[in-house]
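Spelled out, the chains give:
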Amino acid sequence: MNRRYRKTIIAGNWKMNKTATETKKFAEELKALLPKAKWCDVVVCVPAVNISAAMKAFKDMRVSIGAENLFYEKSGAYTGEWSADMLKDLGVKYVIIGHSERRQYFGETDFTVNKKVHAALEAGLHPIICVGESLEQRELGITMELIALQVKSALAGVPAEKLRKCVIAYEPVWAIGTGKTATSEQAAEVCTFIRTTVRHLYGARIARSITIQYGGSMKASNAAELLAQPDIDGGLIGGAALKADEFVDIINAANQD
Ligand code: 13P
């Protein structure tokens, strides 16, 4: 973390978990546990069908609501999809784009990720852009090439003034939901590389101000060490974000000096 230059953001990605009723229960539990003063922003990204319930449930708390996906067109005959404007109108602030599960199961590509990033920014949302290598790619030694490609294609055509609205999440695919966390050295190496890539594209000032999260089996026991790395400015958390007490433990780790 480096709070002097950029925000620390702890975001939960609920994936396809929790009903509207369970959302309300989680918010009540979180409210009782959330520290009064926080040095990090807290975001909860929920399934689209539960956004309204989440808005209501979290309304008196300093917690922003995020979505897990959007479609890049503004409106039209796209059965089953929703647009950036629809999310914005509900009060959503963040939207996860290009999560590896979207890439793996729903045909998301670097090209669609880029279109979604533009759609999110145009609507005034903050995209959380996910990048990350598979185990095979890591073993082939092409992690950095792949990350550079994903970052550059996600940001293609994004003007500098809009970049400050973007968050990049480094999520090694092999660490997601596996209990296998990247070591803090591995995570730091790639997050620093992402910042260097942004610096080459946009210059030092903007690179210094962008929030770069780590995601992949982040939990209370490893959060402090990961967040102590200067280029890791937060976490995108799956499993450990589903229980209020575990999520708060991570928020507390981000609150340390
Ligand atoms: P886990 O924390 O369950 O590994 O999931 C990480 C993730 O995919 C967050 O987007």
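Presented here is an overview of the structure given in this document. (Residues numbered from 1 in each chain as written. Predicted model: local features only at pLDDT ≥ 70, side-chain atom pairs only at ≥ 80, totals over all residues. Heavy atoms only, no water.)

## Overview of the pattern of salt bridges
Tallied over the entire structure, the rule returns 16 salt bridges. Ionic pairing is found between K116 and E108, a salt bridge with its closest N-O pair at 3.0 Å. The exposure class of E108 is buried, given its relative accessible area of 8%. Put simply, D233 and R195 hold a salt bridge, and the shortest N to O gap is 2.8 Å. Note that D233 is positioned in the loop between α11 (220-227) and β8 (234-237) and R195 in helix α9 (residues 184-202), a separation of 38 residues in sequence. R195 matches D233 in its accessibility class, with the two residues each being buried. Sharing partners across several salt bridges, the network here consists of R6, R195, D231 and D233. (Salt bridge = Lys/Arg side-chain N within 4 Å of Asp/Glu carboxyl O. Buried < 20%, exposed > 50% of the residue type's maximum accessible area, 1.4 Å probe, protein only. Helix = DSSP H or I, 4+ residues; strand = E, 2+ residues; numbered from the N terminus.)

## Considering the layout of surface pockets
When its volume is computed, the largest pocket comes out at roughly 390 Å³. Lining the largest pocket are 15 residues, with K15, M16, E68, R102 and F106 sitting closest to its centre. Considering each element in turn, the lining of the largest pocket owes the most residues, 3 residues, to helix α4 (residues 100-105). Among the residues making up the lining of the largest pocket, the classes are represented as 8 nonpolar, 3 polar and 4 charged. In this structure, the second largest pocket spans a volume of roughly 200 Å³. Taken together, 13 residues line the second largest pocket, and the ones lying closest to its centre are K24, E28, A53, K56 and A57. When residues of the lining of the second largest pocket are traced back to their parent elements, those giving at least two are α1 (20-33) and α2 (51-57). It is α1 that contributes the most residues to the lining of the second largest pocket, 6 residues altogether. For the lining of the second largest pocket, a count of residues per class yields 6 nonpolar, 1 polar and 6 charged. (1 Å grid on protein atoms, 1.4 Å probe; cavity = no way out; pocket = protein on both sides within 12 Å on 5 of 7 lines; lining within 4 Å. Points joined across faces, edges and corners; volume = space filled by probe spheres on them. Nonpolar A, V, L, I, M, F, W, Y, C, P; charged D, E, K, R; others polar.)

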